[in-house]
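Spelled out, the chains give:
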Amino acid sequence: IADPTLPIGGYTHSNGLETYVQNRIVHNVTTAREFVENMLKYNLKYNDGAFVKLAYEATQKEDLDALLQLDQECNALKCPKEIRQASQKLGLRLIKIFKRKKQSSFMEAYEEAIRNRKATSHYSLVFGIYTCLLDIPQYEALFGFYYTSVAGMITNAVKLVPLGQLDGQDILFDLYPVIYKTVQETIELERDYVGLCNTSFDIRCMQHERLYSRLYMS
């Protein structure tokens, strides 16, 4: 579930990185590493990473109402259209893969809510649900989520900047301590901090819709 090459279409999204590259904000190894680290520490930890944790805990309690509230909150926080749609599509594809491997009445109820448009299938929530259903410990689930997110961003940076393959591996290796630290901080995160605004990231994602040329869908 944490494989960056899982066939859900994640490779088609840069999550705003393409805008940063075209604006020459990200243009070498140093700035690429800074982008990935900042996304991890200041965006994912308070947003998608936090929603993985909360969805995991709602699944443990089989609390569908809590999960549906999380779904609405997650949807509202994704201001850029491309990012919101990408998250929904990735979530649906993740369900399609893992529903064949793990049957669950709780997941079936969530799917029913999606069909009735009471929920929107965000990737982070589905990831949290299935890692719980697969009995993956919460710490490892969060580490897997952050690892696949970081690996995806680095792969995109290698293609877009461009960087060498060794540069990408060095960035990933250097960020392991940051991933470990971010996992622990996410577990301990106060609920009021979930959804902390990241205006710059949102603006770059919105600008992506109108770039002159685009390789990625977001």
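Preceding this paragraph is the structure being described.
Residues numbered from 1 in each chain as written. Predicted model: local features only at pLDDT ≥ 70, side-chain atom pairs only at ≥ 80, totals over all residues. Heavy atoms only, no water.

### Things to note about the pattern of salt bridges
Now for step 1: Taken as a whole, this structure holds 11 salt bridges when the rule is applied.
Now for step 2: Between Arg-214 and Glu-82 there is a salt bridge, with its nearest N and O atoms 2.5 Å apart. Of this pair, Arg-214 sits in the segment after α11 (199–208) while Glu-82 is found in helix α5 (residues 81–98), placing the two residues 132 residues apart along the sequence.
Now for step 3: Taking the relative accessible area as the measure of exposure, Arg-214 reaches 40% and is therefore partly exposed.
Now for step 4: For Lys-99, the salt bridge is made with Glu-111, and the minimal N-O distance between the two is 3.0 Å. Here Glu-111 lies in helix α6 (residues 105–115) and Lys-99 lies in the loop between α5 and α6, a separation of 12 residues in the sequence.
Now for step 5: A relative accessible area of 13% places Glu-111 in the buried class. (Salt bridge = Lys/Arg side-chain N within 4 Å of Asp/Glu carboxyl O. Helix = DSSP H or I, 4+ residues; strand = E, 2+ residues; numbered from the N terminus. Buried < 20%, exposed > 50% of the residue type's maximum accessible area, 1.4 Å probe, protein only.)

### Notes on the nonpolar core
Now for step 1: Membership of the largest hydrophobic core comes to 63 residues, with the highest contact counts inside it found for Leu-17, Val-26, Phe-35, Leu-94, Tyr-110 and Val-150.
Now for step 2: When residues in this core are grouped by element, the largest group, 10 residues, is from helix α8 (residues 138–160).
Now for step 3: When neighbours within four sequence positions are excluded, Tyr-110 is seen to be in contact with Leu-64, Leu-67, Leu-68, Asp-71, Ala-119, Ser-121, His-122, Leu-125, Val-126 and Ile-129. (Core = buried A, V, L, I, M, F, W, Y, C linked by side-chain atoms within 4.5 Å. Contact = heavy atoms within 4.5 Å.)

### What to know about the layout of surface pockets
Now for step 1: Its boundaries defined by the atoms lining it, the largest pocket holds a volume of some 890 Å³.
Now for step 2: As for the largest pocket, its lining consists of 42 residues, of which Asn-15, Leu-44, Asp-48, Leu-90 and Ser-149 are closest to the centre.
Now for step 3: For the lining of the largest pocket, the secondary-structure elements that each account for two or more residues are α2 (29–44), α3 (48–60), α4 (64–77), α5, α8 and α11.
Now for step 4: With eight residues, the top contributor of residues to the lining of the largest pocket is α8. (1 Å grid on protein atoms, 1.4 Å probe; cavity = no way out; pocket = protein on both sides within 12 Å on 5 of 7 lines; lining within 4 Å. Points joined across faces, edges and corners; volume = space filled by probe spheres on them.)

### What about the side chain of Thr-182?
Now for step 1: Its place among the elements puts Thr-182 in helix α10 (residues 176–187).
Now for step 2: Apart from the residues lying within four places of it in its own chain, the contact partners of Thr-182 are Leu-40, Lys-41, Lys-45 and Tyr-146.

### Points about α2
Now for step 1: Over its 16 residues, α2 runs 21 Å from end to end, which matches the ideal 22 Å to within 8%, given 1.5 Å per residue.
Now for step 2: Approximately 25° is the largest bend angle found in α2, and it occurs at Asn-38.
Now for step 3: Residues of α2 that are buried in the fold lie against α1 (17–22), α3, α8, α9 (165–174), α10 and α11.
Now for step 4: Capping the start of α2 is the job of one residue whose side-chain oxygen sits 3.3 Å from the backbone nitrogen of Thr-30: Asn-28. (Expected span 1.5 Å × (residues − 1). Bend = angle between axes of the 7 residues up to and from the residue. Polar contact = N/O pair within 3.5 Å; in protein donor to acceptor, adjacent residues only side chain to side chain.)

### Brief notes about the side chain of His-208
Now for step 1: Relative to the assigned elements, His-208 resides in helix α11.
Now for step 2: On the accessibility criterion, His-208 (0% relative accessible area) is buried.
Now for step 3: One polar contact links His-208 to Glu-82, side chain to side chain, over a distance of 2.8 Å.
Now for step 4: Aside from chain neighbours lying at most four places away, what touches His-208 is Glu-18, Thr-19, Glu-82, Arg-214, Tyr-216, Met-217 and Ser-218.

### A word on a positive patch on the surface
Now for step 1: Residues Lys-89, Arg-93, Lys-96, Arg-100 and Lys-101 make up a contiguous surface patch of positive charge.
Now for step 2: Tracing the chain through its elements places Lys-96 in helix α5. (Patch = residues over 30% accessible without salt bridge, like charges linked within 9 Å, V, L, I, M, F, W, Y side chains within 5 Å. Areas by Shrake-Rupley, 256 points an atom, 1.4 Å probe, with all protein chains shown as cover. Lys, Arg positive; Asp, Glu negative; His and termini not counted. Charge placed at Lys NZ, Arg CZ, Asp CG, Glu CD.)

### Brief notes about the state of the cysteines
Now for step 1: Summed over all chains, the structure comprises zero disulfides.
Now for step 2: For Cys-205, which is in no disulfide, the shortest distance to another cysteine sulfur is to Cys-79 and amounts to 10 Å. (Disulfide = S-S within 2.5 Å.)

### Structural notes on the packing of aromatic side chains
Two measures describe an aromatic ring pair: the distance that separates the ring centres and the angle between the ring planes.
Now for step 1: Tallying each qualifying case throughout the model produces 12 aromatic pairs.
Now for step 2: Seen in terms of ring centroids, Tyr-20 and Phe-201 are 6.2 Å apart; in terms of plane orientation they differ by 45°. Their pairing is tilted. Of the two residues, Tyr-20 sits in helix α1 while Phe-201 sits in helix α11, which places them 181 residues apart along the sequence. Comparing Tyr-20 with Phe-201 shows no difference in burial state: the two are buried.
Now for step 3: Summarising the aromatic geometry, the rings of Tyr-176 and Tyr-180 are spaced 6.4 Å apart at their centres and angled 40° between planes, so their arrangement reads as tilted. With Tyr-176 and Tyr-180 both in helix α10, this residue pair falls four residues apart, about one helical turn.
Now for step 4: For Tyr-176, a relative accessible area of 27% translates into the label partly exposed.
Now for step 5: Taken together, Tyr-123, Phe-127, Phe-145 and Tyr-146 form an aromatic cluster joined through their ring pairs.
Now for step 6: Cation over ring: Arg-204 sits above Tyr-20, and NZ or CZ is 5.7 Å from the ring centre. (Phe/Tyr/Trp six-rings, centres within 6.5 Å; stacked < 30°, edge-to-face > 60°. Lys NZ or Arg CZ within 6 Å of the ring centre and 35° of its normal.)

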